[in-house]
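Topology and contacts: notes
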Amino acid sequence: MTERTPSQPVPEELPVLPLREFVVFPYMVLPLFVARDRSMAAVEDALAGDRLVLLVAQRDAEIDEPEPDDLYRTGTVAMVMRTMRLPDGRVKVLVQGLAKARIDSFIEHEESTWVRATPVAADEEDSWCVEAEALMRAVRTRVEELLPLKNLPPEILSITTNVQKPGRMADLVASNLMLRLSEAQEVLEIQDPLARLRRVDALIRRELEVSTMQAEIQSQAKEEMTRGQREAFLREQLRAIQMELGEVDPRGEEADEYRIKLDEMQLPSEAREEAMRQLRRLERMHPDGPEAQVVRNYLDWVVELPWARSSPDCLDLANARSILDHDHAHLQPVKDRILEFLGVRKLRQDSRGPILCFVGPPGVGKTSLGRSIARAMGREFVRVSLGGVRDEAEIRGHRRTYVGALPGRILQGLKQAGTSNPVFMLDELDKIGADFRGDPSAALLEVLDPEQNARFSDHFLSVPFDLSSVFFIATANLLDPIPGPLRDRMEVIRLPGYTPEEKAEIAGDYLIPRQIEENGLSPEWINWTRNAVQAIVRGYTHEAGVRNLERQVASVCRKVARRAAEGDTSPVTVNQRLLRRFLGPAPYEAEKSERSGEVGVATGLAWTEAGGDTLRLEATLTSGKGLVLTGQLGDVMKESGAAALTYARWVVREMDVDETILSRHEVHVHVPAGGIPKDGPSAGVTMATAIVSLATGIPVRGDVAMTGEVTLRGRVLPVGGVREKALAALRAGIKTVILPSKNLQDLDDIPKELKRKMTFVPVASMDEVLAAALETNPVRHARPAQRSGPASSHGPVASVKER
């Protein structure tokens, strides 16, 4: 900024140029960059007239279109000396402050803002006084002190030396101090020159104190760095002196401690070589440096990992079977597989650990079974939950270049176990994810591959670690989300849901005693009748596992515990009547009642991650053409619906009904529980039955459930999950199940006591399905002359029922 002497008179009406974040003082020349339309219009109005414009500061710099109330009332009249339009559309304006002016009123104008303003009287040239001279000398001295601290323009010293008026000196110094907007405006509005200079003197004193403090802080920080370098030099000198005197060096003592631990451990050659290399690096480093802490962390992990520590296996097969039977009822395939491994281990000590995958609905005991296996084998147990894991580094670890780097969960689990051969459970394997940080399931390929995991490489450790002795057990609710290569590396063992009889046995032998103990009850205080246990299984739970069953048992035990805590410790016999009082009406009794047949409504069977379930499928005809499928169905299920409709259109031509009914209307098939995704081909026969019932008007039997895949010509193909689907039908009170004839071999998996209660109808074609599912067989009314398609014979419906 430079100083000019104004001489031009100020007119009564002026255009206004609002300023953001700063105030212009008289006698100063500075450039302004104008971008707002009304501001550029004000500049053009000034150029068209006497080149004068009123510069007024905004109260809020964020406002783009300021109103009269958004502007201060005192500003500076300036002359537009030069303008230049920039490439980005802005206008650079060079202005010279002339005099102060106060706004009296605003004049309405379309393109720019005009005001009526009264010039503020110029500073009077008072006679010399002591106070004015003292103030001016003090301000000059403080400006000289502030110059190197505040980066003020050097020419300000010569200008302040030549200025003899207190008001002009106050304006000059205030314009160079980079004051806050409110403070600069306050200085501008003070009319008395001595008072204005006093205020500027107070502000420059404050700026001097702040700048001095800031310089001291920067100097202290620099001294701290210098002190740290000096301490490092002195520590090296101290170490040399201690070595000359024969005293113990703390750094050498630390290195010797690591060296002793490494010598005691039976490390592989690669791991020992890397550990010794890092130890030599640590000896050469400054003990307080950041890299030294990284090396210490690495060496701590190396000496704490169980490279050669293993727990001996308990090879007593009879004892192992006793432990497995004590902890879990049924689950015979899993128990046999564990005993087979122990038998092989007894004959061959160097056999590798198996890699199993337990697949089943929630609550069947997958996780607790892992603990029982570890107890039966005499090994440590480690569980790692993989649900929601999306970072590959969770498996392989982070490289040591990152701050806070750690090994992956595999090595963390082994450190926690303290042995190299624990039972390691990878829980919720099907819930694992992938994103931009990598695919954890791909990292697990090396962990779960017997040919590779003997040299597992963790990014943090950067040397191979042997995982071949670890007994890996993975758990999942569904097998489909697990990638194929990972699934191929594991031995899959399916854990089906429990039958009501098995649940009642588990409740009596395991759940009730455990809840009696956990709720602080004595076995003499509570007694469960057999009917009460069966009632809580059938009426208060509707699941494949026993998790909710245990919650209901715990609810009853808590009520008895409260009764005992209140002073009544008399024995309680839990029967059906008391069960209803404690738990309320049974929520699932209504579902087990007999259903009446309805047209277009059929009961299907599904296999989900929660076990088997029933689907009450509905179909109806509406105006239009084609097929509409709703209920959040997957692509495979939609294709099954299309195949079912094609078969139904073909088969109704053979019946005494209007064969065009399905082609003239839109067929809408809905599977309830629309918030739950559904997929798979096993609902094909159910959809075909519902559509044929809709076309013929014959109701579907309400006491029949069905499953199977349908083809265009009406053949019924086999499906999976027959045991779980049969249990779901039994839970819903349905005792007749239609299933593909090729699934008859799967009935061997169903307990005999369950098969005695149910009737299984094996079918090979849809004609047999319709004969068994509809209340009236529509095939009997076929018109042979109109029959098309390949000939097929339909015998009487076969029924399989164990007596």
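Our structure's up above, just so we're on the same page.
Residues numbered from 1 in each chain as written. Predicted model: local features only at pLDDT ≥ 70, side-chain atom pairs only at ≥ 80, totals over all residues. Heavy atoms only, no water.

1. Comments concerning the overall build of the protein
- Looking only at helices and strands, one finds 26 helices and 25 strands in the protein.
- Relative to the compact-globule value of 28 Å for 803 residues, the protein shows a C-alpha radius of gyration of 45 Å, a clear excess of over 25%.
- Pairs at least 24 apart in sequence give 74% of the contacts found in the protein among residues at least 6 apart.
- Accessible area for the protein stands at about 39,600 Å²; split by element, carbon and sulfur atoms hold 50% of it.
- For the protein, the distance from the average site of its 104 positive side-chain charges to the average site of its 120 negative ones is 6 Å. (Helix = DSSP H or I, 4+ residues; strand = E, 2+ residues; numbered from the N terminus. Rg over C-alpha atoms; globule rule 2.2 N^0.38 Å. Contact = heavy atoms within 4.5 Å. Areas by Shrake-Rupley, 256 points an atom, 1.4 Å probe, with all protein chains shown as cover. Lys, Arg positive; Asp, Glu negative; His and termini not counted. Charge placed at Lys NZ, Arg CZ, Asp CG, Glu CD.)

2. Some words on the sheet that holds strand 10 (residues 423-427)
- Spatial ordering of the open sheet is given by 9-10-13-8-14, a layout of five strands whose pairing is parallel. On the outer flanks of this sheet lie strand 9 (381-385) and strand 14 (491-494), each paired with one strand and no other. On average, each strand axis in the sheet is tilted by 20° relative to the strand beside it, whichever way the strands run.
- Pairing between strand 8 (residues 355-359) and strand 13 (residues 471-476): five bridges, direction parallel. When the sheet's bridge partners are listed, Leu356 is paired in strand 13 with Ile473. (Pairing = 2+ DSSP bridges. Axes fitted to C-alpha atoms, helices over the stretch in contact; angles between N-to-C directions.)

3. What about the packing of helix 21 (residues 635-651) against helix 23 (residues 684-696)?
- It is the contact of helix 21 with helix 23, at a shortest axis distance of 8 Å, that shows an interaxial angle of 40°. Of the possible angle classes, the one that applies to helix 21 and helix 23 is oblique. Considering only the axes of helix 21 and helix 23, their crossing is right-handed. Contacts from Met637, Ser640, Gly641, Ala644, Leu645, Tyr647, Ala648 and Val651 in helix 21 reach Gly684, Met687, Ala688, Ile691 and Val692 in helix 23. (Parallel < 35°, antiparallel > 145°, perpendicular 65-115°, else oblique. Left-handed = near helix turned anticlockwise from the far one by under 90°.)

4. A few points about the side chain of Asn453
- Locating Asn453 in the fold gives a position in the loop between helix 15 (440-447) and strand 11 (456-457).
- Discounting residues that sit within four places of it in the chain, Asn453 has contacts with Ile355, Glu446, Val447, Phe465, Asp466, Leu467, Ser468 and Phe472.

5. Some details on the pairing of strand 7 (residues 114-119)
- By the bridge criterion, three bridges tie strand 2 (residues 13-19) to strand 7 in an arrangement that is antiparallel. Considered in strand 7, the bridge of Pro15 is made with Trp114.
- Connecting strand 6 (residues 91-107) to the antiparallel partner strand 7 that follows it, the hairpin turn spans six residues.

6. A word on unusual backbone geometry
- Even without being a glycine, Glu21 presents a positive backbone phi close to 70°.
- With respect to the helices, strands and loops of the structure, Glu21 is situated in the loop between strand 2 and strand 3 (28-34).
- For Tyr27, which is not glycine, the phi torsion reads 75° and is therefore positive.
- Structurally, Tyr27 is set in the loop between strand 2 and strand 3.

7. Examining helix 12 (residues 366-377)
- In this model, helix 12 (twelve residues) spans 17 Å end to end at C-alpha, consistent with the 16 Å of a helix rising 1.5 Å per residue.
- For helix 12, the full list of buried residues reads Lys366, Leu369, Gly370, Ser372, Ile373, Ala374, Ala376 and Met377.
- The secondary structure elements touched by the buried residues of helix 12 are helix 10 (317-327), helix 11 (332-347), strand 8, strand 9, strand 10 and strand 13.
- Following helix 12 by one or two positions, Gly378 adopts a phi angle in the positive range, close to 75°. (Expected span 1.5 Å × (residues − 1). Buried < 20%, exposed > 50% of the residue type's maximum accessible area, 1.4 Å probe, protein only.)

8. Details of helix 18 (residues 530-539)
- Three or more residues of helix 18 are buried, namely Ala532, Val533, Ala535, Ile536, Val537 and Gly539.
- Where helix 18 is buried, its residues touch helix 17 (500-518), strand 15 (526-528), helix 19 (547-565), strand 16 (572-574) and helix 20 (576-583).

9. As for the packing of aromatic side chains
- Using the criterion set out here, one finds five aromatic pairs in the structure.
- Measuring from ring centre to ring centre gives 6.0 Å for Tyr298 and Phe460, while their planes differ by 50°; the resulting arrangement is tilted. Of this pair, Tyr298 sits in helix 9 (residues 290-304) while Phe460 sits in the loop between strand 11 and strand 12 (464-465); the two residues are 162 residues apart in sequence, bridging distant segments of the chain.
- According to the relative accessible area criterion, Tyr298 is buried, its value standing at 1%.
- Between the aromatic rings of Phe341 and Phe471, the centroid separation amounts to 5.3 Å while the plane-to-plane angle is 70°, which identifies the pairing as edge-to-face. Of this pair, Phe341 sits in helix 11 while Phe471 sits in strand 13, and the two are 130 residues apart along the sequence. Exposure class is identical for Phe341 and Phe471. Each is buried.
- Above the face of the Tyr298 ring, Arg400 is positioned so that its terminal group lies 4.2 Å from the ring centre.
- Positioned over the ring face of Trp301 is Lys415, at 4.1 Å from the centre of the ring. (Phe/Tyr/Trp six-rings, centres within 6.5 Å; stacked < 30°, edge-to-face > 60°. Lys NZ or Arg CZ within 6 Å of the ring centre and 35° of its normal.)

10. Overview of the pairing of strand 10
- Within strand 10, five of the five residues are buried, which leaves the element mostly enclosed by the surrounding structure.
- Pairing analysis gives five bridges linking strand 9 to strand 10, with the strands arranged parallel. From the neighbouring strand, Ser385 faces strand 10, where its bridge partner is Asp427.
- By the bridge criterion, four bridges tie strand 10 to strand 13 in an arrangement that is parallel.

11. Topic: the environment of Ala690
- One can find Ala690 in helix 23.
- Classification of Ala690 as buried rests on a relative accessible area of 0%.
- As a C-alpha pair, Ala690 and Ser311 span 379 residues in sequence and 60 Å in three-dimensional space.
- Apart from residues no more than four positions distant in its own chain, Ala690 is found in contact with Gly600, Ala602, Leu617 and Ala619.

12. Notes on the side chain of Thr711
- Its place among the elements puts Thr711 in the loop between strand 22 (709-710) and strand 23 (716-717).
- For Thr711, the side chain forms a polar contact with the main-chain nitrogen of Arg715, separated by 2.9 Å.
- In contact with Thr711, not counting residues within four places along its chain, are Tyr647 and Leu717. (Polar contact = N/O pair within 3.5 Å; in protein donor to acceptor, adjacent residues only side chain to side chain.)

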